[in-house]
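# Fold and geometry: a report
The residues making up each chain are set out below.
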Amino acid sequence: RMETADDLIRGYVRVRPWPNTDKARSALSVPLSLEACEKLIRPLYLAIWGSGKDPFEVTPKGKTKAAAAKAQQSLLRWAVRVSQFKEGSRLTLKSILQYGFGCGFDGWEIDEIEQRKYIKNESGEVTRDRSLPKKTIQRPTYENGNLRNIIFDPDCTSQDPNSGRWIAKRIQITAYDLDDMREDDTYKNIPTQEELKRILAHKDEPAKDSMQALKPNQTREYQSQDDKLPSSKDPLAAPLELVEYRTRERIVTMLQRSIIVRNEENKSGELSVHGCSFIDVLNSLFGYGVTILVSGEQRFSQGVLNSGVDSLALKLNPSFQQIKGIGAQNQTISIAPGKVITVEG
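The text that follows walks through the structure, step by step, so that each part is easy to find.

### Concerning the overall build of the protein chain
For the protein chain, the helix and strand inventory stands at 7 helices and 12 strands. At 29 Å, the protein chain has a C-alpha radius of gyration far larger than the 20 Å of a compact globule built from 345 residues. For the protein chain, the residues scored as buried account for 32% of the 345 residues in total. Put simply, 62% of the contacts in the protein chain that link residues at least 6 apart link residues at least 24 apart. Summed over its atoms, the accessible surface of the protein chain is roughly 22400 Å², and 53% of this surface lies on carbon and sulfur atoms. Charge separation in the protein chain, taken as the distance between the mean sites of 50 positive and 46 negative side-chain charges, equals 5 Å.

Written as structure tokens, this is what we have:
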């Protein structure tokens, strides 16, 4: 279904030649699926976020003061901005419309922020005070899920992936990302930078793809290159695979299918993934998308259009028959626009 949806969105029509010739027949596309998805995503996006400054309105109830409600509203505005939730939700909506299902992951990141305080020196010049320590804050994150890099519990029978028992997500990282992970106490057994330099410089550790089965077509138009291929000459920027397996009890992370770098208790008790279908199907995680609903009409329109163009081409540039002689009977004659056919008899 995902392969079919990608072809319909891109308007892919296979180019076929006329029988027994090298001349191509008409292969025009009708972007019906693309138009339907783009028209639907706008009212859906505005229904969630609206067009105002604040995506959420907090109204005080009971003993809650108006100032407290206003503070909560400002906090929500900040969380939406720093987590890039608007853009992430837009991508999730496109996945829901195109594939019939979309999901996203929530989480937290730790950032260090420099305190901004300005002082005036003896000469009266105002400068920034660099002696203040940095503040450490936790900010929320939201990441749209790439369905070709995620495996869900096959026993999950609803559109909510949290109702399943487990989820596995593939992440492509580099050695620089591993350096940052060393600062996190939850990750262990990470190779040293010297070991990574030696291994990656000699190309002894090619990137893996544990979910290759979900990517049968790697040469489609408007698609980035295979993420297993390096995009830089820097050996430390070579791609490495990280697979995270999450249940309600534990979180296990594996590097390059060989090193377990994380194996700890899942303190949240959740899978931290949120999913939704466009039209949910009973006893199924995945659902029906726009491309499935209009695929028949798009193919019918493309077939009628291209047949009409082929018929017009034959009328404008017909084939001709040239008599050569007599004797041959029951020949198989192929036609194409502008082709000259020589027959005997």
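Let us keep going from here.
### Some thoughts on the side chain of Gln73
Relative to the helices and strands, Gln73 is located in helix H3 (residues 66-82). Overall, Gln73 belongs to the buried group, its relative accessible area being 16%. Ignoring sequence-local partners within four residues, the contact set of Gln73 consists of Asp54, Phe56, Glu57 and Val58.

### Thoughts on the packing of aromatic side chains
One pass over the full model with this rule turns up 6 aromatic pairs. Positioned above the aromatic ring of Trp18, the side-chain terminus of Arg25 is 4.7 Å from the ring centre. Here the basic side chain of Arg262 rests over the ring of Tyr187, its NZ or CZ set 5.4 Å away from the ring centre.

### Observations concerning the side chain of Arg139
Assignment of secondary structure puts Arg139 in strand E4 (residues 135-144). Reaching out from Arg139, the side chain makes a polar contact with the backbone oxygen of Val82 at a distance of 3.1 Å. For Arg139, the side chain forms a polar contact with the side chain of Glu109, separated by 2.6 Å. When sequence neighbours within four positions are dropped, the list of residues in contact with Arg139 reads Trp78, Val82, Gly107, Trp108, Glu109 and Asp111.

### Considering the state of the cysteines
A complete count under the given rule lists 0 disulfides for this structure. Cysteine Cys103 is unpaired, with the sulfur of Cys276 as its nearest cysteine sulfur at 11 Å. The exposure class assigned to Cys103 is buried, which follows from its relative accessible area of 0%.

### Looking at the environment of Val15
Mapped onto the secondary structure, Val15 falls in the loop between helix H1 (2-10) and helix H2 (32-49). It is 41 Å that separates the C-alpha atoms of Val15 and Ile48, two residues lying 33 residues apart in sequence. Among all residues touching Val15, those that are not within four sequence positions of it are Ala24 and Ala27.

### Looking at the sheet that holds strand E10 (residues 273-277)
Taken in spatial order, the 3 strands line up as E4-E1-E10 in an open sheet, and their pairing is antiparallel. A strand with exactly one partner marks an edge of an open sheet, and here the two such strands are E4 and E10. Within this sheet the neighbouring strands show an average axis-to-axis angle of 20 degrees, counted without direction.

### Some points on a negative patch on the surface
Together, Glu112, Asp177, Asp180, Glu183, Asp184 and Asp185 give the surface a local cluster of negative charge. Structurally, Asp185 is set in the loop between helix H5 (175-181) and helix H6 (193-201). Residue classification places Asp185 among the exposed residues on the basis of a relative accessible area of 63%.

Rules used in this analysis
- Residues numbered from 1 in each chain as written.
- Predicted model: local features only at pLDDT ≥ 70, side-chain atom pairs only at ≥ 80, totals over all residues.
- Heavy atoms only, no water.
- Helix = DSSP H or I, 4+ residues; strand = E, 2+ residues; numbered from the N terminus.
- Rg over C-alpha atoms; globule rule 2.2 N^0.38 Å.
- Buried < 20%, exposed > 50% of the residue type's maximum accessible area, 1.4 Å probe, protein only.
- Contact = heavy atoms within 4.5 Å.
- Areas by Shrake-Rupley, 256 points an atom, 1.4 Å probe, with all protein chains shown as cover.
- Lys, Arg positive; Asp, Glu negative; His and termini not counted.
- Charge placed at Lys NZ, Arg CZ, Asp CG, Glu CD.
- Phe/Tyr/Trp six-rings, centres within 6.5 Å; stacked < 30°, edge-to-face > 60°.
- Lys NZ or Arg CZ within 6 Å of the ring centre and 35° of its normal.
- Polar contact = N/O pair within 3.5 Å; in protein donor to acceptor, adjacent residues only side chain to side chain.
- Disulfide = S-S within 2.5 Å.
- Pairing = 2+ DSSP bridges.
- Axes fitted to C-alpha atoms, helices over the stretch in contact; angles between N-to-C directions.
- Patch = residues over 30% accessible without salt bridge, like charges linked within 9 Å, V, L, I, M, F, W, Y side chains within 5 Å.
- Salt bridge = Lys/Arg side-chain N within 4 Å of Asp/Glu carboxyl O.

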